[in-house]
Amino acid sequence: MKTLLLAVALGTCSVLAYAKAPIGIVIHGGAGTISRDSMSAAQEQAYHAMLTHAVNQGYAVLERGGSSLDAVTAAVIVLEDSPLFNAGKGAVYTFDESHELDASIMDGRNRNAGAVAGVSNVKNPILLARAVMEKSVHVMLAGKGAEQFAKEQQLELVDNSYFNTEFRYDALKRAKQAIAPQPHQAAVPYDPAWKMGTVGAVAIDKKGNLAAATSTGGMTAKRYGRIGDAPVIGAGNFADNKSCAVSATGHGEFFIRYQVAADICARVKYQNKTAAVAAKEVMAELKKVGGDGGVIVVDQKGQLSWTFNTEGMYRALKAEGGEVISEIFATKP
Ligand code: ASP
């Protein structure tokens with residue numbers, strides 16, 4: 001069945017939506033100051049290739065009748081294992097020159113959820129979040145306890161240096177120079193150019209079940225055990241079959257304060273809006289209060305969409321009957 005493409009471009013905010021897709025998946029690899037000028041053709045191609053690979057991995061699960069939960073997990077693992085994105089292997093550096101990772105996952109069938117915050121030695125934090133959801137009585141585990149649980153669950157552990165990459169270290173050095181005059185970095189306004197990023201996926205499976213997964217290294221030069229929105233259910237991640245599934249990326253403090261993911265799904269549920277419309281509204285409102293970022297959304301009717309209020313967002317989708325669409329910038333060349 002051919003899907004219907006609705007494309008709406010509204011200033012810095014773009015929405016692409018497919019209607020009536022029986023199965024489908026949308027992924028993101030972070031939003032922010034992603035401009036054409038700062039990227040070579042080879043880099044652009046590498047991002048498209050990895051986004052396409054991740055979306056295909058997730059879609060393959062859905063196509064063979066697998067669950068949306070397995071599909072979002074599969075896609076996020078690919079993105080976590082790539083150094084291109086700020087999650088897993090490519091995680092940014094903390095102020096103290098290490099890496100602390102956050103992740104969460106949610107099952108739209110029953111609103112089960114699992115989240116981990118500030119873990120430093122788990123290769124795929126999304127698998128730990130999923131283990132928290134499925135193998136523990138808790139929803140969110142942090143730091144040492146989360147790592148202990150990962151060990152007990154026999155998840156793959158790595159040395160923190162596994163997450164080291166040269167270009168993220170350069171980003172940290174630039175951030176530290178900006179912070180230097182005011183050593184209490186928590187009081188320095190965050191500059192998106194320091195580089196944010198997160199990865200995520202939302203999907204709908206053959207049974208109509210929704211799921212969402214989000215994973216991140218957080219924000220460059222973060223301090224004091226800072227936790228972002230990615231592991232906060234309702235902020236950076238949410239899924240409920242009765243409304244929609246959302247994965248977010250952007251300035252986490254705003255996404256937490258404005259409960260972005262839950263707000264989008266509440267508008268779908270209580271105001272009968274489509275997920276695309278609700279997401280566009282919420283991201284426009286967030287921009288007005290200074291919150292940069294973007295979201296990917298799927299609603300219970302199978303409508304897949306994305307919207308962001310930044311220069312770009314790494315993103316891709318595949319709906320039944322359609323090809324993979326992979327995009328980076330807000331505007332066409
Ligand atoms: N939302 C992430 C955080 O605040 C960062 C990002 O997505 O850019 O930790």
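Coordinates for the structure precede this section.
The present account deals with the structure reproduced in this document.

Moving on, we get to the site of the ligand. In the neighbourhood of the ligand, the contacting residues comprise Met 196, Gly 197, Thr 198, Gly 218, Met 219, Arg 226, Gly 228, Asp 229, Thr 249, Gly 250 and Gly 252. Arg 226 is positioned with one of its side-chain polar atoms (N or O) 2.8 Å from an oxygen atom of the ligand. Within the complex, 100% of the 270 Å² of free accessible area of the ligand lies under protein. Taking a 2 Å distance to the grid points as the criterion, the majority of the atoms of the ligand fall inside the largest cavity.

Of all the 6 residues making up strand E7 (residues 199–204), 6 are buried; the element is thus mostly covered by neighbouring parts of the structure. Of the two faces of E7, both are covered, the one formed by Val 199, Ala 201 and Ala 203 as well as the one formed by Gly 200, Val 202 and Ile 204. The pairing of strand E3 (residues 24–32) with E7 spans 5 bridges and is antiparallel. When the sheet's bridge partners are listed, Ile 27 is paired in E7 with Ala 201. Here 6 bridges tie E7 to strand E8 (residues 210–216), and the two strands are oriented antiparallel to one another. From the neighbouring strand, Ala 203 faces E8, where its bridge partner is Ala 211. Where E7 folds back on E8, the antiparallel hairpin that results is connected by 5 residues, among which Gly 208 adopts a positive phi of roughly 80 degrees.

This next bit is on the side chain of Thr 310. Counting through the fold element by element, Thr 310 comes out in the loop between strand E12 (304–308) and strand E13 (312–319). Given the relative accessible area of 7%, Thr 310 is considered buried. From its side chain, Thr 310 meets the backbone oxygen of Gly 312 in a polar contact 2.9 Å long.

Closest axis-to-axis distance for the helix H1 (residues 41–63)/helix H2 (residues 68–81) pair is 8 Å, and the angle between their directions is 160 degrees. In this view, H1 runs roughly antiparallel relative to H2, as classed from their interaxial angle. Between H1 and H2 lies a crossing whose hand is right-handed. Counting all contacts with H1, which are made through Met 50, His 53, Ala 54, Gln 57, Gly 58, Val 61 and Leu 62, the residues of H2 involved are Ser 68, Asp 70, Ala 71, Ala 74, Ala 75, Val 78 and Leu 79.

All right, on to empty space enclosed by the protein then. Taken as a whole, this structure holds 1 cavity of 30 Å³ or more when the rule is applied. Of the voids in this model, the largest cavity is the one considered here, and its volume is about 60 Å³. In terms of lining residues, the largest cavity is bounded by Met 196, Gly 197, Thr 198, Thr 216, Gly 218, Met 219, Arg 226, Gly 228, Asp 229, Ala 230, Gly 250 and Gly 252. By residue class, the composition of the lining of the largest cavity is 3 nonpolar, 7 polar and 2 charged.

Here is what the cut-offs are and how they apply
- Within each chain, residues carry numbers counting from 1 in the order of the written sequence.
- This being a predicted model, a pLDDT of at least 70 is required before a residue's local features are given, and a value of 80 or more before pairs of side-chain atoms are given or counted; all residues contribute to the totals for chains, interfaces and linings.
- No hydrogens and no water enter the side-chain calculation; it runs on all heavy atoms of the structure.
- A molecule or strand has a residue near it when one of that residue's heavy atoms lies within 4 Å.
- Contacts described as polar in this section are N or O atom pairs within 3.5 Å, which, within protein, must combine one atom able to donate a hydrogen with one able to accept it, while residues neighboring in sequence count only if both atoms come from side chains.
- For the accessible areas, the method is Shrake-Rupley and the probe is 1.4 Å, while residue cover comes only from the protein chains on display.
- Cavity and pocket criteria rest on a 1 Å grid covering protein atoms alone: a 1.4 Å probe that fits but cannot get out defines a cavity, protein on both sides within 12 Å along at least 5 of 7 lines defines an open pocket, and an atom within 4 Å of a point defines a lining residue.
- Cavity and pocket membership follows a simple rule, namely that a molecule belongs there if more than half of its atoms are within 2 Å of the grid points.
- In this scheme, a residue with accessible area under 20% of its type's maximum is buried, one over 50% is exposed, and one in between is partly exposed, where area comes from a 1.4 Å probe on protein chains only.
- Strands are runs of DSSP state E lasting at least 2 residues, helices are runs of H or I lasting at least 4, and numbering of each runs from the N terminus.
- For two strands to be treated as a pair, DSSP must find no fewer than two bridges joining them.
- Each axis is a line fitted through C-alpha atoms, and for a helix only the stretch in contact is used; angles between axes span 0 to 180 degrees, taken between their N-to-C directions.
- Angles are sorted into four bins: roughly parallel if under 35 degrees, roughly antiparallel if over 145, roughly perpendicular if 65 to 115, and oblique for all others.
- Crossing handedness: left-handed means the near helix sits turned counterclockwise from the far one by under a right angle, and right-handed means the same turn made clockwise.
- Only heavy atoms enter the contact rule, under which two residues are in contact if any of them lie within 4.5 Å.
- Grid points are joined across faces, edges and corners, and a volume is the space filled by probe spheres set on the points.
- Polar here means any residue outside two lists: the nonpolar Ala, Val, Leu, Ile, Met, Phe, Trp, Tyr, Cys and Pro, and the charged Asp, Glu, Lys and Arg; Gly therefore counts as polar.

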